[in-house]
Amino acid sequence: MENYLEKIKLHGFNNLTKTLSFNLYDVSYTKTVCDRKAYIEYIDEEYNAPKLTNILENVTQIIGANILNIAVQDYDPQGASVTILICEESAPPSHHPYTLNPSVVGHLDKSHITVHTYPEYHPDNGVCTFRADIDVSTCGEISPLMALNYLIDSFDSDIMTIDYKVRGFTRDIKGNKLFIDHDITSIQDYIEREFLNIYQMIDVNVYQENIFHTKCKVRNFQLDDYLFNLKEENLNEKELRKITNRLKNEIDEIFYGRNLPTLY
């Protein structure tokens, strides 16, 4: 128990807390109750606690932090959570392909990364939705935005809702307060061109409060990408139209954050 009770020595740091909240959604259509159950089981296996832990460990490496503690939990009947406490200490720049090559100095040990999953389905129209909610919070000079492209690349998402905010302040050598220590006009500034081309994006930013919000929806709709244990070629014209409308309605409702008139 001595290791758990031992206090961690803190180094010089600034007081800025930067938090990235990354919500992603995967939408699918299942024709039968059996397929719906199989989809939930597939998602539960695809994004179980060990696999999510691996993703968050990579995020920790990208932002140049060290892991202090990991707590994981799989849930019954479905879902998983992972929480990692991280320490941002002096370290050489990361060579991970998604890093922005940051210069890392001494920081607080009060930072964390969490992920929670939420498999869900419509009670009577065959639409299933999987959501993962990831939070990366850092204290000091480095920013969780460095891991954004890796997170986008780690999930095959139909919709993403991304929030970034900076809180607290640090001081320059003259004692002036700095409420943000890096340039940003939009979260899109930190997203690679490859992903900008895949998604339609809308910004809602409050610059004077250092709050940035970006919503993303996949541009090209291909029905086969959304069918679980089912092929487009096996559906008649009426079924194709009904399923397409249901899926598009689900995607738009999540993207715009409101219930919309049904198209079916």
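Residues numbered from 1 in each chain as written. Predicted model: local features only at pLDDT ≥ 70, side-chain atom pairs only at ≥ 80, totals over all residues. Heavy atoms only, no water.

Under an unreviewed UniProt entry, the name given to the protein is S-adenosylmethionine decarboxylase proenzyme, and the organism recorded is Aminipila butyrica. Turning to the protein, the UniProt annotation filed under Pathway (unreviewed entry) states: "Amine and polyamine biosynthesis; S-adenosylmethioninamine biosynthesis; S-adenosylmethioninamine from S-adenosyl-L-methionine: step 1/1." In its Function (unreviewed entry) section, UniProt records this for the protein: "Catalyzes the decarboxylation of S-adenosylmethionine to S-adenosylmethioninamine (dcAdoMet), the propylamine donor required for the synthesis of the polyamines spermine and spermidine from the diamine putrescine." (UniProt positions renumbered as here; feature names shortened; annotations may be inferred.)

With respect to the element layout, Ile-113 can be found in strand 4 (residues 111-121). Classification of Ile-113 as buried rests on a relative accessible area of 0%. Sequence-wise, Ile-113 and Ser-21 are 92 residues apart; in three dimensions their C-alpha atoms are separated by 9.9 Å. (Helix = DSSP H or I, 4+ residues; strand = E, 2+ residues; numbered from the N terminus. Buried < 20%, exposed > 50% of the residue type's maximum accessible area, 1.4 Å probe, protein only.)

With antiparallel pairing, the 8 strands of this open sheet are ordered in space as 2-3-4-5-1-6-10-9. This sheet does not close on itself; its edge strands, each paired only once, are strand 2 (66-74) and strand 9 (199-203). Direction aside, neighbouring strands of the sheet carry axes that sit 10° apart on average. Two elements, strand 1 (residues 17-29) and strand 6 (residues 159-167), share 9 bridges in a ladder whose sense is antiparallel. Residue pairing in the sheet places Thr-19 in a bridge with Lys-165 of strand 6. On the sheet, helix 6 (residues 237-256) packs against strand 1, strand 5 (127-139), strand 6, strand 9 and strand 10 (211-218) and is oriented at approximately 170° with respect to strand 1. (Pairing = 2+ DSSP bridges. Axes fitted to C-alpha atoms, helices over the stretch in contact; angles between N-to-C directions. Contact = heavy atoms within 4.5 Å.)

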